[in-house]
Amino acid sequence: MKFPKKPFAMVILSLFIFFYIYIEAYSSSVRGVTDKTVKIGIIADLTGPAAGGIWIPCVEAMRCYIRNVNENGGIHGRKILTVIEDDRYSIPMALSAFKKVVFRDRVLLLMGASGVGHTHSIIPLAEKNEVAMIAVTNDSRYFNPVRKYIFSPLPFYEDQVKLIFEYIFKDLQAKKPSIAIVYPDVAAGRVCRDACREMTKVYNNKNLIDTIISTGSVDFTSQVLHLKRLKPDYVIMYGYVGSTSGFLRDAYKFKFKTNFIAIQYACVDDTIRIAGVAAKDLMGINCFSSWNDNCSGMVELRKIVLKYHPETTWKNRTYTQGWFASILFHNAFKNAGRELTTDTVIQGLERINNFDTNGICGIVSYGPNDHKPIDYSRLYKADIEKKQFIPITDWRKPPKFN
């Protein structure tokens, strides 16, 4: 029995037109999504005080990772496009960058901004405009309780402070040590200060010694001499590479010897390279592995980097952080499926559960009631000969207190 050819052809043509119109309508109605691309935004400090040590390597890592994804087929047939804006470590510039990438560039998913205070300023805008955001802040107040659109790519500073105190009191078995916190009077610095104050109470220790520094300062003479007079047994330092290495050099110059412990962004090999012999007694805590680690995740990272940049000999830990952030983007889109929307991307992030990064960091989990992925960090000791931080503990979760 033969069927008429023309009606059958018309049915096929009609179905084709229907699905084409549907796809086009869907793509044009979802911010940042077309049939062939998905657009993400990155707000970073590329010219300010957090540029060289943190954000430039972080952005370079994301570009490299995404290039590799795109050259291997993209995500469900889509290429990932990046829109990168420099906020110059300025809150007004961060607000301006947010408006540009969301309202003009129309990104689907956003990461930023360059600092804790800057990130906090754009979180309300992300929520108001229903933008899923990887918010670069370690402040637990923005994740407890969970906020639908806001995810962290980092451990909480207070968790790292808990691990530092645990190491001092349990591993080193310090008895009533005198502890100081050195920090800039910015949002992240105050978070670390408050966490240290809380741990001082938990361990029933002496009062904490507060010492404020300026992020952009190059002279720490007064703070160093003040602490030298007070003779703390441990000095916990929150800051970036420049301020931390400068403080260490001044401490060395004035023969102030103690146990220095750097938090996250100063616990990177750059600090040792710049501080030199002044970093001899430096310890630190970080949640990411370094370039020279031989875990399979870092071996794969080096392989991909060297494919595109064969001249590379070293990258710092914030490069690893950018790589990890890209892993989050990648898995969010994979888990979301072909039909990308803000809601499916949020669900895609929340489906990242017990994910093994193969040593890039500890086991990673999000969930509907947990938008912080990293619980694990390691403590390190500076090796000034190798100019590297060497692990002195395994990956650890922070202790819980009643």
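In the block above lies the structure referred to throughout.
Residues numbered from 1 in each chain as written. Predicted model: local features only at pLDDT ≥ 70, side-chain atom pairs only at ≥ 80, totals over all residues. Heavy atoms only, no water.

Undergrad: With reference to specific residues and values, describe the overall build of the protein chain.
TA: Looking only at helices and strands, one finds 12 helices and 12 strands in the protein chain. Taking 2.2 N^0.38 as the reference for a compact globule, 402 residues should give roughly 21 Å; the C-alpha atoms of the protein chain span a radius of gyration of 24 Å, in line with that estimate. Judged by the C-alpha coordinates and their principal axes, the protein chain covers about 100 × 45 × 40 Å. In the protein chain, buried positions account for 57% of the 402 residues. In the protein chain, the proportion of contacts linking residues at least 24 apart, taken out of those at least 6 apart, comes to 67%. As presented, the protein chain carries roughly 18,000 Å² of accessible surface, and 54% of it is formed by carbon and sulfur atoms. Measuring between centres, the 53 positive side-chain charges of the protein chain sit 2 Å from its 38 negative side-chain charges. (Helix = DSSP H or I, 4+ residues; strand = E, 2+ residues; numbered from the N terminus. Rg over C-alpha atoms; globule rule 2.2 N^0.38 Å. Buried < 20%, exposed > 50% of the residue type's maximum accessible area, 1.4 Å probe, protein only. Contact = heavy atoms within 4.5 Å. Areas by Shrake-Rupley, 256 points an atom, 1.4 Å probe, with all protein chains shown as cover. Lys, Arg positive; Asp, Glu negative; His and termini not counted. Charge placed at Lys NZ, Arg CZ, Asp CG, Glu CD.)

Undergrad: I'd like to hear about empty space enclosed by the protein, residue by residue, with values.
TA: A water-sized probe, rolled over the atoms, reveals where empty space remains. For the structure shown, the criterion picks out one cavity of 30 Å³ or more. The volume enclosed by the largest cavity comes to roughly 90 Å³. Every residue along the wall of the largest cavity is listed here: Ile54, Trp55, Ser114, Gly115, Val116, Val136, Asn138, Tyr157, Tyr238, Tyr240, Tyr265 and Gln321. The residue makeup of the lining of the largest cavity, split by class, is eight nonpolar, four polar and no charged. (1 Å grid on protein atoms, 1.4 Å probe; cavity = no way out; pocket = protein on both sides within 12 Å on 5 of 7 lines; lining within 4 Å. Points joined across faces, edges and corners; volume = space filled by probe spheres on them. Nonpolar A, V, L, I, M, F, W, Y, C, P; charged D, E, K, R; others polar.)

Undergrad: Tell me about the state of the cysteines, residues and numbers included.
TA: What the rule picks out here adds up to zero disulfides. This cysteine, cysteine 295, is not joined by any disulfide, and cysteine 361 carries the nearest cysteine sulfur, 9.7 Å off. Judged by its relative accessible area of 22%, cysteine 295 falls in the partly exposed class. Left unpaired, cysteine 361 is separated from the closest cysteine sulfur, that of cysteine 287, by 6.5 Å. (Disulfide = S-S within 2.5 Å.)

Undergrad: Could you give an account of the side chain of aspartate 139, naming the residues involved and the relevant values?
TA: Along the polypeptide, aspartate 139 turns up in the loop between strand S4 (132-135) and strand S5 (150-151). Here aspartate 139 is in contact with His120, Phe156 and Val191, once residues within four sequence places are set aside.

Undergrad: Describe in detail the sheet that holds S5, supporting the description with residues and values.
TA: With parallel pairing, five strands are arranged side by side in an open sheet as S2-S1-S3-S4-S5. Unpaired on one side and paired on the other, strand S2 (79-86) and S5 mark the two borders of the sheet. Bridging between strand S1 (residues 37-44) and strand S3 (residues 109-112) involves three bridges; their strand directions are parallel. Counterpart to isoleucine 40 in the pairing with S3 is leucine 109. Contacts from helix H2 (residues 51-71) reach S1, S2 and S3 within the one sheet, and its direction differs from that of S2 by about 165°. Strands in contact with helix H11 (residues 317-336) are S1, S2, S3 and S4; relative to S3, the strand with the most contacts, it is inclined by about 165°. (Pairing = 2+ DSSP bridges. Axes fitted to C-alpha atoms, helices over the stretch in contact; angles between N-to-C directions.)

Undergrad: Quick rundown of the sheet that holds strand S7 (residues 209-213)? Include the residues and the values.
TA: Overall, mixed pairing links the seven strands, which are arranged S7-S6-S8-S9-S10-S11-S12 in an open sheet. Each having just a single partner strand, S7 and strand S12 (388-391) make up the two edges of the open sheet. Adjacent strand axes in the sheet meet at a mean angle of 30° when their direction is disregarded. Here four bridges tie strand S6 (residues 179-184) to strand S8 (residues 234-237), and the two strands are oriented parallel to one another. Bridged to alanine 180 within S8 is valine 235. Of the strands in this sheet, S6, S7, S8 and strand S9 (259-263) are in contact with helix H6 (residues 187-202), which crosses S6 at around 165°.

Undergrad: Help me get a handle on the layout of surface pockets, residues and values and all.
TA: If you add up the space inside the largest pocket, you get close to 330 Å³. Surrounding the largest pocket, 21 residues form its lining, Tyr65, Glu300, Trp323, Ile327 and His330 being those nearest its centre. Put simply, the parts of the chain that give the lining of the largest pocket at least two residues each are H2, helix H10 (296-308) and H11.

Such coordinate-based values are descriptive only and should not be taken to indicate function.
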